[in-house]
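Secondary and tertiary structure notes
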Amino acid sequence: MIKNLVIVESPAKASTIEKFLGKDFTVTSSYGHIRDLAKKDMGIDTEKGFIPSYEVPADKKKKVSELKKMAAEAETVWLATDEDREGEAISWHLKEALHIPSNKIKRIVFHEITKPAILEAVQNPRSIDDNLVDAQQSRRILDRLVGFELSPVLWKKVRPSLSAGRVQSVAVRLIVEREKEIQDFVTRDYFNVSGLFRVSDGSRKDVIIKADLDKKFDEEESAINFLRACIGANFSVEDLEKKELKKTPAPPFTTSTLQQEAARKLRFPVSKTMRVAQNLYEAGHITYMRTDSVNLSDFALATAREMITDNFGSEYHHFRKYKTKSVNAQEAHEAIRPTYFNNRKISTLTRDEAALYDLIWKRALASQMSDARIEKTTVDIAVSTSPHKFIATGEVILFDGFLKLYIESRDEDEGDEEDSAILPPLKTGQPLWMKEITATQRYTRPSARYTEAALVKKLEELGIGRPSTYAPIISTIQDRGYVVKEEREGKSRNYMKLTLSDSGKISTEEKTEITGADKGKLFPTDIAFIVNDFLVKYFPNILDFKFTAKIEKQLDDIAKGDIDRVEMLKKFYQPFHKTVRETLETSERATGSRELGKDPASGLDVIVRMAKYGAVAQIYSPDNPEIKPRMASLKKGQRIDTLSLEEALDLFRLPRIAGEYEGEELVVAEGRFGPYVKHQSKFYSIPRDIDPLSITESECIDLINSKKDAEAARNIKSFTEDPSVKVLNGRFGPYITNGKVNAKIPKGKEPREITFAEALQYIEEAAKKEPVKGRGGRGKKK
């Protein structure tokens, strides 16, 4: 008989909690959700109040059976799943699937897995919160309705096997629109002017001050004219301003800010951040990691004060009580922090866990530290021959405060910190001597592509998604082939650098830089553009940012018990379902087709479009269907939206004859698995670093001979009696084969000395040991 059965989601969480409870408690795990919506008929009765139909997946039936037996034997069942909506729903599903009477259930929640938190939760049990369950079920139902009804539309109108999601499609729209913005961006060049000036600091050694001109020039001629005006000019300090500034620490982490900062500082993908944070939480090292609250408990505030005072001094402590900006903060009641601030280092952590824990520890502690005090000096440098002036800035840290422990990173789009240095003592009217002035050609840049962290930030700003959904959204759009995260090489670009030296001479230098290189950014695929444009046209509400945020707000209201879930689902589904029917009946097939021009050889039209199994270039006659279209698949890295006519025509240059070898042609062609060389009815794959359109005769011959040499090295011995029987070199050493059965060579037997009769004997013995293979898979051994 079990006195107290405690059910949590994961074995790791179970083992940690078990340490804190006595022998009267048995702790076990459900291994996450135990039920999901049934696949048949969407698993939702849309005619009768959107009642969901749940089923236990095959891989969970054994676990459910075990839990049901344990629950039946227990006097009390404690449901200790996570405190957010997802956790509440898991508890409700356990109650329903295990048929646990309500009077046997005690629901407990905690935001950290420590002994005081667990014991306090046991002393204060509650019932399952039906409002939280309704909110989670409503989200799941909405996602199922959209997925099950919208995906078949895409199968019919775009391409088979595509899928659409309520929030995922909005995330894809953000990435597609950013890519379009980048493609449409018109780069403008300008000249940025900076100068190096000498000033005496009272000693024998001069100090160099760097300053930037307050004017950017649109043309090279204007920049040269300014440099000419500076020849022989006098430079002096026109104005000097000192200001004391304060820098305030960032609040402790929420889910989204942790994901963003871990991406910037640790280069963690969002999914990895959540996985590692889950490990830390379940081991009792940090508080619950799915939260949009920045609040810290009184216990945390007190221990933070003690840690700061003891290690840095009382002047470094500054009490702060942060308030969550979001009116819909609902996941948990505290920010992410260490469970105990005095656990500075934990020896049992993995490298990734230690790095993330250190980040969380520093951020939370820094939030209770004093402001940094900084003196900023701005110097205006007058030019006697021009109305423009140079501006130099310098900073001195008067008191480092929280900067002693932690500095928040910045996103690419937020720009770089201003260059600042310690300036020497200066006074108004003081002369400066010009050492060098440079005018450097620069180019305007479009907005940066999204990183995973930047996308999370944008979703949060728009009110789309919640702490528990950011990571799944980003994983899903990549898994479904709408978005790829990759590195793309930039292109070389020339720019001019004009330099005025202290000798009064102006020199011109052409330099080279790489532009457009991106690493770890999110790029939309061809199919993402086509699906996004189709959905925006026919399902504008589903793809509308404000509409999606409104749905999120309504889910929050359901969680608070403010609105009825059935009414909310009805208002969403009825117009949506009507649009689905109309789109299936009236919309045209979407191919993303682009006209590129004419094929010079045939005079036919050249287009690029999405075909059933991928993007293709096509040469065809739109007016004469009797002319059979020619199609060629796009190469890796080529995209529908950027392919040029010349690149498309190049795709039709295969197959081609690259030369001749041993009396037969070398045919270069493109196949299902990539480019290859065909020679004497054999096929030789062309490596990725060789362009099939430019591969030479000698390179083809080298490929063929290399493969022949490799085959010769592999072939130890063959037999004239039966060419299919061979002694070969394999991955794990020599073996015998007849093409169907592989046989080991006995120890001590020299492979080259094996006779044909011995080879047949070894193959026969090996065949007897192998199970018989039939249509049903592996059969019984004979």
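This text gives an overview of the structure that appears in the document. (Residues numbered from 1 in each chain as written. Predicted model: local features only at pLDDT ≥ 70, side-chain atom pairs only at ≥ 80, totals over all residues. Heavy atoms only, no water.)

**Brief notes about empty space enclosed by the protein**
Applicable threshold: Of the two site types, the cavity is a set of points on a 1 Å grid over the protein atoms alone where a 1.4 Å probe fits but cannot get out, and the pocket is an open set with protein on both sides within 12 Å along at least five of seven lines, each lined by residues with an atom within 4 Å of a point. Grid points are joined across faces, edges and corners, and a volume is the space filled by probe spheres set on the points. Numbering of helices and strands runs from the N terminus, with a helix taken as a DSSP run of H or I at least four residues long and a strand as a DSSP run of E at least two residues long.
Inspection of the entire model under this criterion finds 3 cavities of 30 Å³ or more. Taken together, 13 residues line the largest cavity, and the ones lying closest to its centre are S163, Q168, S169, V172 and Y482. Listed by contribution, the elements that provide at least two residues to the lining of the largest cavity are α6 (168–184), α13 (470–479) and α14 (526–538).

**Remarks on the sheet that holds strand β26 (residues 682–685)**
Within a sheet, each strand pairs with its neighbour through backbone hydrogen bonds, oriented either parallel or antiparallel. Selection criterion: We treat two strands as partners when DSSP finds at least two bridges between them. In this description, a line fitted to the C-alpha atoms serves as the axis of each element, helices being fitted only across the stretch in contact, and the angle between N-to-C directions of two axes falls anywhere from 0 to 180 degrees. Contacts were defined at the residue level, with two residues in contact if any of their heavy atoms lie within 4.5 Å.
Strand order in the open sheet formed by 4 strands is β23-β24-β25-β26, and the pairing between neighbours is antiparallel. Pairing within the sheet leaves two strands with one partner each, and these edge strands are β23 (656–661) and β26. The average angle at which neighbouring strand axes cross in this sheet is 30°, direction not considered. Sheet analysis places strand β24 (residues 664–671) next to strand β25 (residues 674–679), joined by 5 bridges and oriented antiparallel. Its bridge partner lying in β25, V667 is registered against K678. Sheet contacts for helix α18 (residues 697–714): β23, β24, β25 and β26; angle to β23, the most-contacted strand, approximately 65°.

**Topic: the layout of surface pockets**
Quick reminder of the rule: Each residue is assigned to one class: nonpolar for Ala, Val, Leu, Ile, Met, Phe, Trp, Tyr, Cys and Pro, charged for Asp, Glu, Lys and Arg, and polar for all the others, Gly among them.
Computed from the structure, the second largest pocket encloses a volume of approximately 1,200 Å³. H33, E86, Q136, R140 and P472 are, among the 42 residues lining the second largest pocket, the residues nearest its centre. Mapped by element, the contributors of at least two residues to the lining of the second largest pocket are β3 (36–37), α3 (85–97), α5 (130–157), α9 (270–282) and α13. No other element matches the 10 residues that α5 contributes to the lining of the second largest pocket. By residue class, the composition of the lining of the second largest pocket is 13 nonpolar, 15 polar and 14 charged.

**A few points about the pattern of salt bridges**
This is how it is decided: One side-chain nitrogen of Lys or Arg within 4 Å of one carboxyl oxygen of Asp or Glu is enough to make a salt bridge. When accessible area is computed with a 1.4 Å probe and restricted to protein chains, residues below 20% of their type maximum are described as buried, those above 50% as exposed, and intermediate ones as partly exposed.
According to the stated counting rule, one finds 51 salt bridges in the structure shown. Measuring nitrogen to oxygen at the nearest pair gives 3.9 Å for the salt bridge that ties D557 to K560. Here E758 and K749 are joined by a salt bridge, their closest N and O atoms 3.0 Å apart. Judged by its relative accessible area of 28%, K749 falls in the partly exposed class. Taken together, the shared-partner salt bridges connect E9, K13, D82 and R290 into one network.

**Quick look at the sheet that holds strand β7 (residues 74–79)**
As summarised here, the arrangement of the 4 strands in space is β2-β1-β7-β8, forming an open sheet in which the pairing is parallel. Here the strands that pair on one side only, and so sit at the sheet edges, are β2 (25–29) and β8 (105–107). Neighbour to neighbour, the strand axes of the sheet diverge by 25° on average, direction disregarded. Sheet analysis places β7 next to β8, joined by 3 bridges and oriented parallel. Following the sheet pairing, L79 is matched in β8 by R107. Across the sheet, helix α1 (residues 11–18) is in contact with β1 (2–8) and β2; its angle to β2 comes to roughly 165°.

**What to know about the packing of helix α8 (residues 255–266) against α9**
Each pair of packed helices gets described by two things: the angle between the helix axes and the distance between those axes. Which entries qualify depends on this criterion: The crossing is said to be left-handed when, going from far helix to near helix, the turn is anticlockwise and less than a right angle, and right-handed when the turn is clockwise.
The contact between α8 and α9 brings their axes to 9 Å, and the two run at 115°. Crossing of α8 against α9: the hand is right-handed. For the pair α8 and α9, contact is made by T255, L258, Q259 and A262 and by V270, T273, M274 and A277, respectively. Class assignment of the residues belonging to the contact of α8 with α9 gives a composition of 5 nonpolar, 3 polar and no charged.

**Concerning α5**
This is how the line gets drawn: One less than the residue count of a helix, multiplied by 1.5 Å, gives the span that helix is expected to have. Pairing of N or O atoms within 3.5 Å defines a polar contact, subject to two protein rules: one partner must be a possible hydrogen donor and the other a possible acceptor, and residues neighboring in sequence count only if both atoms are side-chain atoms.
Taking 1.5 Å of rise per residue, 28 residues should cover 40 Å, and α5 covers 40 Å from first to last C-alpha, within 8% of that figure. The opening residue of α5, the one whose side-chain oxygen lies 3.0 Å from the backbone nitrogen of N131, is D129.

**Regarding the nonpolar core**
Where we set the bar: Residues enter a nonpolar core if they are buried and are Ala, Val, Leu, Ile, Met, Phe, Trp, Tyr or Cys, with the set joined through side-chain atoms within 4.5 Å.
If you look at the biggest cluster of nonpolar residues, it comprises 152 residues, and the most contacted ones within it are F110 and L356. The dominant element in this core, judged by the number of residues it contributes, is α5, at 10 residues. What L356 contacts, discounting residues up to four positions off in sequence, is L258, A262, L266, F268, T273, V276, A277 and L280. Among the nonpolar cores identified, the runner-up in size contains 29 residues, and A211, L227, F235 and L426 belong to it.

**Details of the pairing of strand β21 (residues 614–620)**
Counting buried positions over the 7 residues of β21 gives 6, a clear majority of the element. Bridging between strand β20 (residues 605–611) and β21 involves 7 bridges; their strand directions are antiparallel. Bridge pairing in β21 links I607 to Q618. Here β20 hands over to β21 after 2 residues, the two strands then running antiparallel side by side. Direction of pairing for β21 relative to strand β22 (residues 630–633): antiparallel, over a ladder of 4 bridges. Bridge assignment links A617 to a residue of β22, and that residue is A632.

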